[in-house]
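A structural walkthrough
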Amino acid sequence: MKKKQNEEKTPALFPTAFKSIGQKGGASPLAFSYSKLSMYTECPLKYKFKYLDKIKEEPKSYFAFGNSIHKALEFLHAVSNPPFPSIEEVLESFKKQWGLKSWLEKGYKDPAKEETDFRKGVEMLKAYYAANKDSLKPPFLLEYSTDVEVDGLKVRIIADRIEYAGGGEVELIDYKTGKDVKRQPDQLYMYQKISELDPRLKEKIAERYGQKVSSVKIKQMLYYHVPTLKQYHFERAGDKEIGVFWDRVLGAAENIRGMKFEPNPGEFQCHFCDFKNLCPVHADSSRPPASSAVLPAHQKKQPSALGGQTDGGEVPRGSAAKVEALVDRYGHLKEEMDKLNAQLDEVARELGGMHTGEGKKELSGEKYSLELSRGENWKFGDREAVIGVLNEFDLYQKALGLTLPKIVAMLSDPAVPEAAKNKLKRHGARSTRLEINLKKKIES
Ligand code: SF4
């Protein structure tokens, strides 16, 4: 029931020969999950970066921490014939899991923060053990993962623990390790909908308890907040609630199939988004704001009778005549600058014709001297292909957001494999540009 970092893991304790039902004829179903719904709802473009472009996100320390705690709890509960492990054994399993990755790989900023979390995890597990050791019993299912095909979707859920309450009723338990526990209705609805449709659960009940049930029903769902040992119980949702939720799921799936990936910027989601450097919303914000003088006429707001409303909505102080004069002067200067730029380009082209070889060439006039040289220009037309190469060689982090200068810098970086450089070059177009370094001579 939690938002899993790695949804691809298989049930470790009670493995079964799961026969996927997504292999029937017809169009292949869209792989879906609560995490995917959650991300698409938050920002469709973020969904595309993560699930379609498959761009890796930065490791998150809270996922690493939560994952290690979950593994330790799984180790504690995974007993079909007691005795259960001692607290020392549980802590040993936590330590082992924790040590599989370095602090950097886990997403910590420094080793001290990793150490703090490790100690926090130890205390958390000790408290959990003390509170539960006398009531431990062999679970029905642990880390139960299933894919269910419904309405053209293949929906995956992974439940931390499932207990059987008899009569075809089950209780789903989800461990939470974050700061607080928020009711996540979509997660609850998704787990209820899919669990009750899952034919494997009926088979599991028959195998384990010898009961042939015609249907499985959720009795309740429980969020167990490990840091505080608080338990939050949620009753089964009504059919109407589930129906409204499911319409929303199908709507999101339809949009994904229709390749609708509009960005949905917001303070929260953008702040925590690893794809900001690729996002057009944030690329736009780094450009200078458009002024009224350079906006097309149809985008300009009309000046007010009180002296000129700017397109930004501010009313400048001063008379209407002064505003008009400033706007006209700005327009005039802009026109002059465009003419001068055109002349500058023309002169630069002529100068460039005087230096067609490699290296530097100095030219001198009466008042100025200049040095000509040729630098490299690269353009990459196929953005998707470039992302593919960076992912293939695990270089996305090196490019730090797919900016052109960083990709170009990789072409001369000795640490980048030649194969990656050659593949990148195949997607790029090289040209040269003239560089002019102008100096004014000191007048005698
Ligand atoms: S930066 Fe914001 S708008 Fe852009 S993809 Fe991320 S969440 Fe979406």
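As the structure is a computational prediction, the values presented were derived from the model and not from experiment.

Here we look at the overall build of the chain
- When you go through the chain residue by residue, the secondary structure sums to 16 helices and 9 strands.
- Burial analysis of the chain (444 residues in total) assigns 38% to the buried set.
- In the chain, 68% of the contacts between residues at least 6 apart in sequence involve partners at least 24 apart.
- As displayed, the chain has an accessible area near 26600 Å², and 54% of this comes from carbon and sulfur atoms.

A short note on the environment of Lys179
- In this fold, Lys179 is placed in the loop between strand S4 (169-176) and helix H7 (185-197).
- For the pair Lys179 and His225, spaced 46 residues apart in sequence, the C-alpha to C-alpha distance is 8.9 Å.

Concerning the environment of Leu250
- Mapped onto the elements of the fold, Leu250 is located in helix H9 (residues 239-257).
- Once the C-alpha coordinates of Leu250 and Leu153 are considered, the two residues, 97 residues apart in sequence, prove to be 8.6 Å apart.

Some details on the site of the ligand
- Near the ligand the following residues occur: Cys43, Lys46, Pro263, Asn264, Pro265, Gln269, Cys270, Cys273, Lys276, Cys279 and His282.
- The residue inventory of the shell around the ligand, partitioned by class, reads 6 nonpolar, 3 polar and 2 charged.

As for a nonpolar patch on the surface
- The grouping of Tyr368, Ile436 and Leu438 at the surface amounts to a nonpolar patch, some 280 Å² of accessible area in total.
- Relative accessible area serves as the criterion here: at 56%, Leu438 is assigned to the exposed category.

Details of the pattern of salt bridges
- For the coordinates displayed, the defined rule picks out 20 salt bridges.
- Here Arg236 ties to Glu196 by a salt bridge, and the two come within 2.8 Å at their closest N and O atoms. Of the two residues, Arg236 sits in the loop between strand S6 (230-235) and H9 while Glu196 sits in helix H7, which places them 40 residues apart along the sequence.
- A relative accessible area of 28% means that Arg236 is categorised as partly exposed.
- Note that Asp239 and Arg236 form a salt bridge whose closest N and O atoms lie 3.9 Å from each other.
- The network of salt bridges with common partners includes Lys137, Arg161 and Glu163.

With respect to the side chain of Thr146
- Of note, Thr146 is situated in strand S2 (residues 141-150).
- The exposure class assigned to Thr146 is buried, which follows from its relative accessible area of 1%.

Rules used throughout
Residues numbered from 1 in each chain as written. Predicted model: local features only at pLDDT ≥ 70, side-chain atom pairs only at ≥ 80, totals over all residues. Heavy atoms only, no water. Helix = DSSP H or I, 4+ residues; strand = E, 2+ residues; numbered from the N terminus. Buried < 20%, exposed > 50% of the residue type's maximum accessible area, 1.4 Å probe, protein only. Contact = heavy atoms within 4.5 Å. Areas by Shrake-Rupley, 256 points an atom, 1.4 Å probe, with all protein chains shown as cover. Near = heavy atom within 4 Å. Nonpolar A, V, L, I, M, F, W, Y, C, P; charged D, E, K, R; others polar. Patch = residues over 30% accessible without salt bridge, like charges linked within 9 Å, V, L, I, M, F, W, Y side chains within 5 Å. Salt bridge = Lys/Arg side-chain N within 4 Å of Asp/Glu carboxyl O.

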